[in-house]
Structure formats: structure tokens, C-alpha cells
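# Remarks on the overall topology
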Amino acid sequence: MDSPFAMFAQCISHIISLITPGNASKLSSTYPAFKSVVDSDSVWEKFLPSDYKKIISISSFSTSSLVTSLSKKKLYFHLYHESGKKCYMVGARGLSITWGSSPQHWKWLSLPESRFPEVAELKLVWCFEIMARIETKILSSKTNYATYLVFKFVETREGFETRPIEFDVYFEGNDTHKMHSALLDPPANMPLLSLNRRDGWMEIGIGEFFNENGDDGAVICRVCESEPTPKCGIIIEGIELRPKNGR
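Thresholds, definitions, all that
Residues numbered from 1 in each chain as written. Predicted model: local features only at pLDDT ≥ 70, side-chain atom pairs only at ≥ 80, totals over all residues. Heavy atoms only, no water. Salt bridge = Lys/Arg side-chain N within 4 Å of Asp/Glu carboxyl O. Helix = DSSP H or I, 4+ residues; strand = E, 2+ residues; numbered from the N terminus. Buried < 20%, exposed > 50% of the residue type's maximum accessible area, 1.4 Å probe, protein only. Core = buried A, V, L, I, M, F, W, Y, C linked by side-chain atoms within 4.5 Å. Contact = heavy atoms within 4.5 Å. Phe/Tyr/Trp six-rings, centres within 6.5 Å; stacked < 30°, edge-to-face > 60°. pLDDT = per-residue confidence, 0-100. Pairing = 2+ DSSP bridges. 1 Å grid on protein atoms, 1.4 Å probe; cavity = no way out; pocket = protein on both sides within 12 Å on 5 of 7 lines; lining within 4 Å. Points joined across faces, edges and corners; volume = space filled by probe spheres on them. Nonpolar A, V, L, I, M, F, W, Y, C, P; charged D, E, K, R; others polar.

### Considerations on the pattern of salt bridges
Overall, the coordinates contain 18 salt bridges when judged by the stated rule. Notably, a salt bridge pairs Lys137 with Asp216, separated by 4.0 Å at the nearest N-O pair. Here the residue Lys137 occupies a position in the loop between strand 5 (129–135) and strand 6 (143–158), and Asp216 occupies one in the loop between strand 10 (202–211) and strand 11 (218–225), the gap between them amounting to 79 residues. The partner of Arg197 in a salt bridge is Glu203, with the nearest N and O atoms 2.7 Å apart. The exposure class of Arg197 is buried, given its relative accessible area of 12%. The structure contains a network of salt bridges with shared partners spanning Arg115, Arg197, Asp199, Glu203, Glu240 and Arg242.

### Notes on the nonpolar core
Counting 36 residues, the largest nonpolar core has Phe128, Ile134, Phe151, Leu184, Ile234, Ile239 and Leu241 as the members making the most contacts within it. Mapped by element, the contributors of at least two residues to this core are strand 1 (88–91), strand 4 (119–122), strand 5, strand 6, strand 7 (165–171), strand 10, strand 11 and strand 12 (232–243). Each residue touching Ile239, except ones within four places of it in the same chain, is listed here: Tyr88, Met89, Val90, Leu95, Ile130, Ala132, Tyr148, Leu149, Ile206 and Cys221.

### Some thoughts on unusual backbone geometry
Peptide bonds are trans in most cases, and residues, glycine excluded, mostly fall at negative phi. Here the phi dihedral of Trp99 falls at roughly 65 degrees; this positive angle occurs in a residue that is not glycine. Its place among the elements puts Trp99 in the loop between strand 2 (96–97) and strand 3 (106–109). If you check the backbone angles, Lys142 has positive phi at about 55 degrees while not being a glycine. Examined against the element boundaries, Lys142 turns out to sit in the loop between strand 5 and strand 6. Relative accessible area serves as the criterion here: at 46%, Lys142 is assigned to the partly exposed category.

### Quick notes on the packing of aromatic side chains
Throughout the structure, instances matching the rule amount to six aromatic pairs. Seen in terms of ring centroids, Trp106 and Phe128 are 6.3 Å apart; in terms of plane orientation they differ by 25 degrees. Their pairing is stacked. Of this pair, Trp106 sits in strand 3 while Phe128 sits in the loop between strand 4 and strand 5; the two residues are 22 residues apart in sequence, bridging distant segments of the chain. Across this residue pair, the class does not change: Trp106 and Phe128 are buried. Between Tyr145 and Phe209 the ring centres are 5.6 Å apart and the planes differ by 15 degrees, which places this aromatic pair in the stacked class. With Tyr145 in strand 6 and Phe209 in strand 10, this residue pair connects regions lying 64 residues apart in the sequence. The same class applies to Tyr145 as to Phe209, namely buried. Three or more aromatic residues joined by ring pairs make a cluster, and in this case those are Trp106, Phe128, Phe151, Phe153 and Phe160.

### Describing the confidence of the model for the protein
For the protein, the mean per-residue pLDDT works out to 84, and 78% of the residues sit at or above 70. Confidence drops under a pLDDT of 50 for residues 60–64, and excluding neighbours within four residues, the segment shows twelve contacts in the predicted structure.

### Things to note about the sheet that holds strand 7
As summarised here, the arrangement of the five strands in space is 2-5-11-7-8, forming an open sheet in which the pairing is antiparallel. Where the open sheet ends on each side, the last strands, each with one partner, are strand 2 and strand 8 (180–182). Across two bridges, the pairing between strand 2 and strand 5 is antiparallel. Of the residues in strand 5, the one forming a bridge with Ser96 is Met131.

### Observations concerning the layout of surface pockets
Taken as a whole, the second largest pocket encloses approximately 170 Å³ of empty space. Surrounding the second largest pocket, 13 residues form its lining, Val169, Tyr170, Thr176, Lys178 and Glu208 being those nearest its centre. Breaking the lining of the second largest pocket down by element, the ones donating at least two residues are strand 7 and strand 10. Top element by residues in the lining of the second largest pocket is strand 10. It accounts for five residues. Residue composition of the lining of the second largest pocket, grouped by class: six nonpolar, four polar and three charged.

### Remarks on the environment of Trp44
Positionally, Trp44 belongs in helix 4 (residues 41–44). On the basis of relative accessible area, Trp44 is assigned to the buried category, the value being 0%. Distance in space between the C-alpha atoms of Trp44 and Pro21 is 7.9 Å, their sequence separation being 23 residues.

Here you go:
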């Protein structure tokens, strides 16, 4: 028979699971006595989407290691913005990288600061192109999304300070493109358009799109050079999609 405390915890857990994740998180910090119950996996499992394991697997996460190493609360905030809208990130292994499988052009390595098992370091290419294809049905519908290239430079790099990189986001099968270009590593007398992230990486905006209904379509994120030039010294972690203005 369950103890009175266990029955009380079950009741509190059920009540908390009926409120919003944001309010549940606030309740945890406001009432320390309830923290263990509020932060429990049984509560936050109910906030996660039913297909969260699939989302993790196609995000280039290791499903088993991520699910077992993170609490359900931390996992929730990996997948969602505070608004309750889904965030999504495609790791380097899930991207289409031109010459990515060629050891003389790209090197695959593990970094402790990355959330993914592997990232891609550019050794040397003349054709720099990275693409991600994301099914819209795994994103939140009726939501404006901003997309970002997540990267960092090694000390010795070349080609990103003089030649602009082109960025493009479009729905698969749609010929309407809104491309823009920017220098990833501009000289000191030019504005830096990339931003430093809290996780130790940098990001630069690729573009935005509105996910209407999340039907069986796909959005394409493309990063490429405007003119072929030798390039080296960038590390790609992935491409991230998150609700506009969400951090």
C-alpha cells in the first residue's frame, strides 16, 4: 500500500501536469518543498510530445544516451522554447555537406562543448555548401521560425573574411527564394553579424519562415559560397530552428 506521502506526491504530480510547463518551472523555484515532485520525470514526461524519441533520433542526437542522461525537465527545454513551441536542431551528421565524406576536405571529431557526438571541421574546399532538410510536421504549426548556422572558427582559417556566404531558406518545391549574403569572419572595420551563444558556439541567421499547418512538407536551409574560393578552418555543429525571437 502506498504511504500517505507517496499518495500526496502522486496527487501533486497530477495537478502540476495539468498546468503549463512555464508555470510548473516557476512553482519549482517558488516552493522548494515541492521541488522534487515538480521536477520529477513523471510530471515532465506529460509535457513532452508523444513522438519526442523520434524527434531526438532524427535530430542527430543519440536517442538512448540523451534520454537516459537527461531528466525529462531538461529534455523538455532541449526541445522547446519557453513559449511551448518546438525548437529543433540538425547536427552536422544530419546535414548534407559537399565533400563531407572526403577525409582530405572535412574532418569529423568530438568536442566536449557540443551536444552532438560529432562535429565537422573544414580542412580545405573550393566548394563550400551545407544543406538541411527538415520535415515541417515535426515543428510547431502556426509559428514563425528563425534558422541559424551554428559554428565556430579554429585559430587558422581562410576564405571567410573576404568572400560572402549566401544563406537561403525555402519550402521544398517552391521556387521563391529570399537569399542574403554576409561575411562570416569580417575584418575589424566591418560589422560582425554572427553572435556568441551561451553554449560556447557562434550563430548567424540563415533566414525565417512561417510553418502554417506542419503538413507533409519540408523546409530547406542552405548555406553556400557565392564564388568558389579556398576555405578552411570552420567547425560546423549544425543548423538550428527555433521560434522567432526565442533563445
